[in-house]
There are 2 protein chains.
Amino acid sequence: MLPKIGSFKFHIESYVCDFTEKATLTVMSRFLLDAASIHAQQRGFGYEQISKDNVAWVLSRLSIQIEEYPDHNQDLTVETWIETVSRFFTQRCFCFIDQSGKIIGYARTIWAAIDMQTRRPIDIPAWRPDMLQYVEPEKQCPIEKMSKIPMVDGVDPHMGYTVRYSDIDINKHMNSAKYIEHAINIFDLSIFKEKFIRKFEIVFLAEGLFGDKLKLYMQNLSENEYIIDTKKGEESVCRSRIIWK
Amino acid sequence: MLPKIGSFKFHIESYVCDFTEKATLTVMSRFLLDAASIHAQQRGFGYEQISKDNVAWVLSRLSIQIEEYPDHNQDLTVETWIETVSRFFTQRCFCFIDQSGKIIGYARTIWAAIDMQTRRPIDIPAWRPDMLQYVEPEKQCPIEKMSKIPMVDGVDPHMGYTVRYSDIDINKHMNSAKYIEHAINIFDLSIFKEKFIRKFEIVFLAEGLFGDKLKLYMQNLSENEYIIDTKKGEESVCRSRIIWK
């Protein structure tokens, strides 16, 4: 049996950095999605394996907290493990470790397994009892559980975009990291010069499809806290909370 | 002295693939820009080194021809070398090699060295005669020299976008690969199911700045050939030619 905790190394190439010469939040989220995907695949319940059962993993929530973004040209290690498997959800955690071995951040994700035909959630332990052997409840992921992210009412969106080719990923859906990339794009460049995103939470509520025209509504809760609501018409596709430091 | 030809390895992670499970053209162009940057840096004339002289490399043209895009989870090697150094331009070539050692594509780029204060091109051999020792005129780059890309006249743009945070790269300018990502986004998803971009040429004419509202105009020259003109107002920022196969 493979170890419960998987460890994956990434290199911070120049093309994953922003003008601060550090990896972006979007890229950190791509790395964690990639680590999750390889970890699951190596243990027999990856995307390709479960698609034979007509089942797909769907990311429901992501919470990521980073104290220090890795620098250009450095290595980054992403550790990932399954924290819980309950009836309809599984929680997967992540730890980000820089080249010197220092922990620079954590993340927690919540996934559902969806029947591709009925689009309904599947009872995970009944469907795949073998997953339970990989649950690692001991390793700490010191990031608070996500709180509810409120809706943003608004008439005039702050920004809009159409879902295009580059938003669609290997799984033929809008890539979760692309929702994050677009949401962060709502901010002016000046804020990135003074602050960094210390905490980012996102809840996925509906699916963006190719050609959808999405509108972003933002609410400023306190000096460093913002809610961004990404809507298709009246419906929220995803909502995120951003805390700057 | 380092070898004239540099060789750099990349791994095709899931997050650089599109729904065809292959690396995208945008990612191939990011890889080549990254290879160029490391090659130059290792030989003493990289971005950081020349910025001490208040000089920056500016990409003027890029021509890329790919017969087969690398698959998810494979390694890709990018070879790069300087083909010519003339008074105001240097040509840098690239060869893409897949995991089995097969050549899957080539690219040629043309760069100017710009004085950051006057914004005027610098006489490259006079400024850096040491670059000439790295010129490799023997290695073949069998890709035709770029032809002129015509302007596209038009009233109604096919697409528009605003230059945002994720478009700005480590050099604090709009990233060349992002112009390519946005240009390709003009196409409907259906064409990517049937064809791939065999040849892509782009000429950079002006700079996109944060907040600029760019408009894309497209002209269909023949069944598989398109010109895309990216404009800021009346002025072309870049123009590309795309040939599908």
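How each quantity is defined
Residues numbered from 1 in each chain as written. Chains lettered and ligands numbered in written order. Predicted model: local features only at pLDDT ≥ 70, side-chain atom pairs only at ≥ 80, totals over all residues. Heavy atoms only, no water. Helix = DSSP H or I, 4+ residues; strand = E, 2+ residues; numbered from the N terminus. Rg over C-alpha atoms; globule rule 2.2 N^0.38 Å. Buried < 20%, exposed > 50% of the residue type's maximum accessible area, 1.4 Å probe, protein only. Contact = heavy atoms within 4.5 Å. Areas by Shrake-Rupley, 256 points an atom, 1.4 Å probe, with all protein chains shown as cover. Lys, Arg positive; Asp, Glu negative; His and termini not counted. Charge placed at Lys NZ, Arg CZ, Asp CG, Glu CD. Least-squares fit on C-alpha atoms with pLDDT ≥ 70 in both. Buried area = accessible area lost by both parts, 1.4 Å probe. Salt bridge = Lys/Arg side-chain N within 4 Å of Asp/Glu carboxyl O. Axes fitted to C-alpha atoms, helices over the stretch in contact; angles between N-to-C directions. Parallel < 35°, antiparallel > 145°, perpendicular 65-115°, else oblique. Nonpolar A, V, L, I, M, F, W, Y, C, P; charged D, E, K, R; others polar. Pairing = 2+ DSSP bridges. Core = buried A, V, L, I, M, F, W, Y, C linked by side-chain atoms within 4.5 Å. Phe/Tyr/Trp six-rings, centres within 6.5 Å; stacked < 30°, edge-to-face > 60°.

Student: I would appreciate a short explanation of the overall build of chain A in the present structure.
Tutor: Helix and strand counts for chain A come out as five helices and ten strands. In terms of C-alpha radius of gyration, chain A reaches 18 Å, essentially the compact-globule figure of 18 Å for 245 residues. Here the C-alpha coordinates of chain A stretch approximately 50 × 45 × 30 Å along the principal axes. Within the span of chain A, comprising 245 residues, buried residues form 57% of the whole. Long-range contacts, defined as pairs at least 24 residues apart, comprise 71% of the intrachain contacts of chain A with a sequence gap of at least 6. For chain A, the accessible area works out to roughly 10700 Å², and carbon and sulfur atoms hold 49% of it. Mean positive and mean negative side-chain charge positions of chain A (31 and 34 charges, respectively) differ by 3 Å.

Student: So what exactly am I meant to see when it comes to the relation of the copies chain B and chain A here?
Tutor: Related by rotation about an axis and a shift along that axis, the two copies of the chain form a pair. Least-squares fitting of chain B to chain A yields an RMSD of 0.0 Å, with the superposition described by an axial translation of 0.0 Å and a rotation of 180°. The transformation relating the two chain copies, once decomposed into turn and shift, fits a two-fold axis. Across chain B, the rotation axis passes nearest the C-alpha of Y161(B), at a separation of 4.1 Å. Taken together, the interface assignments show that 100% of the residues at the interface of chain B recur at the interface of chain A, consistent with an identical surface on both copies.

Student: Can you help me understand the interface of chain B and chain A in this one?
Tutor: One frequently used descriptor of interface size is the decrease in accessible area upon assembly of the parts. The partner chain A presents 30 residues to the 30 residues of chain B that form the contact. Buried surface at the junction of chain B and chain A, summed over both partners, amounts to about 3300 Å²; 58% is from carbon and sulfur atoms. Broken down residue by residue, the surface that chain B buries against chain A is led by Y15(B), Y165(B) and I170(B), which jointly contribute 25%. Viewed at the interface, chain A and chain B are joined by two salt bridges.

Student: Would you mind going over the packing of helix α1 (residues 25-42) of chain B against helix α4 (residues 176-184) of chain B with me for this structure?
Tutor: All names here are of chain B. It is the contact of α1 with α4, at a shortest axis distance of 9 Å, that shows an interaxial angle of 170°. On the basis of the axis angle, α1 is roughly antiparallel to α4. Facing L25, T26, S29, R30 and L33 of α1, the residues of α4 in contact are S176, A177, K178, I180, E181 and I184. When its residues are assigned to classes, the contact of α1 with α4 shows five nonpolar, three polar and three charged.

Student: Is there a simple way to think about the sheet that holds strand β10 (residues 235-244) of chain B in this case?
Tutor: Paired through their backbone hydrogen bonds, the strands of a sheet run either parallel or antiparallel. Residue and element names in this part refer to chain B. Taken in spatial order, the ten strands make up an open sheet running β1-β3-β4-β5-β2-β7-β10-β9-β8-β6, and their pairing is antiparallel. Each edge of the open sheet is held by one strand with a lone partner, namely β1 (6-11) and β6 (159-162). Strand after strand, the sheet turns through a mean of 25° between neighbouring axes, direction not considered. Looking at chain direction, strand β7 (residues 197-204) and β10 are connected through seven bridges and run antiparallel.

Student: Explanation requested: the environment of M1(B) in the structure shown.
Tutor: All names here are of chain B. If you trace the backbone, M1 turns up in the segment before β1. On the basis of relative accessible area, M1 is assigned to the exposed category, the value being 65%. When the C-alpha positions of M1 and R43 are compared, they lie 8.4 Å apart, and in sequence the two are 42 residues distant. With near-sequence residues (within four places) excluded, M1 lies in contact with Q133 and Y134.

Student: Sorry, what's going on with the nonpolar core here?
Tutor: It is characteristic of soluble globular proteins that their nonpolar side chains tend to be buried jointly. Grouped together as the largest cluster of nonpolar side chains are 141 residues, with contacts concentrated most on I64(A), F187(A) and I64(B). Once residues lying within four places of it in the same chain are set aside, the contact partners of I64(A) are L25(A), M28(A), L32(A), F96(A), Y106(A), A107(A), I143(A), R198(A), K199(A) and F200(A).

Student: Explanation requested: unusual backbone geometry in the structure shown.
Tutor: Negative phi characterises most residues that are not glycine, and trans characterises most peptide bonds. Look at N54(A): it is not a glycine, yet its phi comes out positive at around 65°. Along the chain, N54(A) falls in the loop between α2 (47-51) and β2 (55-66).

Student: Please explain α4(B) as it appears in this structure.
Tutor: Three- or four-residue spacings in an α-helix give side chains the same orientation, since the helix completes a turn every 3.6 residues. Most of α4(B) is tucked away, with nine of its nine residues classed as buried. Among all positions in α4(B), only S176(B), A177(B), K178(B), Y179(B), I180(B), E181(B), H182(B), A183(B) and I184(B) are buried.

Student: Even after reading the chapter, I still don't get the sheet that holds β2(A), so can you show me in this structure?
Tutor: All names here are of chain A. Taken together, ten strands build an open sheet; the order of strands is β1-β3-β4-β5-β2-β7-β10-β9-β8-β6 and the sheet is antiparallel. On the outer flanks of this sheet lie β1 (6-11) and β6 (159-162), each paired with one strand and no other. The sheet shows a mean angle of 25° between the axes of neighbouring strands, direction not considered. In this sheet, strand β9 (residues 225-232) lies alongside strand β8 (residues 213-222) in antiparallel orientation, the contact comprising seven bridges. Of the residues in β9, the one forming a bridge with L216 is T230. Contacts from helix α1 (residues 25-42) reach β1, β2, β3 (75-85), β4 (90-97), β5 (103-115) and β7 (197-204), with the element oriented near 60° to β3.

Student: Help me understand the pairing of β7(B), please; the structure alone is not making it clear to me.
Tutor: On a regular strand, one side chain projects to one face of the sheet and the next to the other, so that they alternate. All names here are of chain B. Counting buried residues in β7 gives seven out of eight residues, a clear majority hidden from the surface. With five bridges joining them, strand β2 (residues 55-66) and β7 adopt antiparallel strand pairing. Bridge assignment links I64 to a residue of β7, and that residue is F200.

Student: What exactly am I supposed to notice about the packing of aromatic side chains here?
Tutor: Each aromatic ring pair is described using two quantities: the centre-to-centre distance and the angle formed by the ring planes. Residues and elements named next belong to chain A. One pass over the structure, following the stated rule, counts 20 aromatic pairs over all chains. With a centroid separation of 6.1 Å and 80° between ring planes, the pair formed by Y69 and F196 is classed as edge-to-face. Placement of the pair is Y69 in the loop between β2 and β3 and F196 in the loop between α5 (189-194) and β7, with a sequence separation of 127 residues. When the ring of F192 is compared with that of W244, the centres are 5.1 Å apart and the planes differ by 75°; the resulting orientation is edge-to-face. Of this pair, F192 sits in helix α5 while W244 sits in strand β10 (residues 235-244), and the two are 52 residues apart along the sequence. Overall, the relative accessible area of 7% leaves F192 in the buried class. Here W244 falls in the buried class, since its relative accessible area comes to 3%.

Everything listed here is a matter of coordinates, which is why it stays silent on function.
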